[in-house]
Amino acid sequence: MQSRLTLIANASTAAVRAAAFPLDEGIDDFGKRDAMALAKELRRSGRALSSPAARAVETAMALGLEPVIDEGLRDLDLGRWAGRTLTEIAEREPEALKSWLSDPSVAPHGGESVEGLIARMAVWLNAALRREENIIAITHSAVMRAALVSAIAAGPASFWHVDIAPLSIVELGSNGQRWTLRALK
């Protein structure tokens, strides 16, 4: 059976606009407006899933979806950096930030490493592959990058070479044995 996985990044939030790592916050007015516009174009078939984060659930609602919460879609755990701006981290912990951006195995913030996220997403993708159904999953930019890196068997260093903006869409297709990249929007 052919399956399709449509990953959608959560809509914009105040943290995104401030170049900060988010806490559990909702989407902003711009994000809601943009998600409602995208809802008119969204192909709806299959199961809707969402990260448990408020910004993902609110995005799903603005898209007109009634998702089931899936813990496997939760965002990258940024430990003590959550809620802080990138500028603040660069000023206070420049070496830690540099190592995090250059070595996917490290987690100087005390949370999850990029390699850990990619491994988590590989497990999630393998489970989704066995479902043999179409899925729309509302999640986060980092999760989508990790899923893409895993699906196309790219190395972990590739993670930082993919840019996923709010409401970006990654579509993967499956023949029941592997995922392939179908579209980036």
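Visitor: Lay out the nonpolar core with the relevant residues and their values.
Guide: Counting 36 residues, the largest nonpolar core has Leu5, Trp124 and Leu172 as its most contacted members. The set of elements that each furnish at least two residues to this core consists of β1 (3-9), α5 (94-102), α6 (114-131), β4 (135-139), α7 (141-151) and β5 (169-174). If we ignore the near neighbours within four places in the chain, the residues touching Leu5 are Trp124, Leu125, Ile135, Ala137, Val170, Glu171, Leu172 and Trp179. Among the nonpolar cores identified, the runner-up in size contains 17 residues, and Leu42, Ile136, Ile138 and Ile169 belong to it.

Visitor: Quick one: what's the story with the layout of surface pockets, residue by residue and with numbers?
Guide: Using a probe with the size of a water molecule, rolled over the atoms, empty space left in the structure can be pinpointed. By volume, the largest pocket is sized at about 610 Å³. Lining the largest pocket are 25 residues, and of these Ala20, Phe21, Pro22, Ser141 and Arg145 lie nearest its centre. Class assignment for the residues of the lining of the largest pocket results in 17 nonpolar, 4 polar and 4 charged. Taken as a whole, the second largest pocket holds about 180 Å³ of empty space. Surrounding the second largest pocket, 13 residues form its lining, Pro22, Arg55, Asp75, Leu76 and Asp77 being those nearest its centre. Looking at the lining of the second largest pocket, its residues break down into 7 nonpolar, 1 polar and 5 charged.

About the criteria used
- Residues numbered from 1 in each chain as written.
- Predicted model: local features only at pLDDT ≥ 70, side-chain atom pairs only at ≥ 80, totals over all residues.
- Heavy atoms only, no water.
- Core = buried A, V, L, I, M, F, W, Y, C linked by side-chain atoms within 4.5 Å.
- Buried < 20%, exposed > 50% of the residue type's maximum accessible area, 1.4 Å probe, protein only.
- Helix = DSSP H or I, 4+ residues; strand = E, 2+ residues; numbered from the N terminus.
- Contact = heavy atoms within 4.5 Å.
- 1 Å grid on protein atoms, 1.4 Å probe; cavity = no way out; pocket = protein on both sides within 12 Å on 5 of 7 lines; lining within 4 Å.
- Points joined across faces, edges and corners; volume = space filled by probe spheres on them.
- Nonpolar A, V, L, I, M, F, W, Y, C, P; charged D, E, K, R; others polar.

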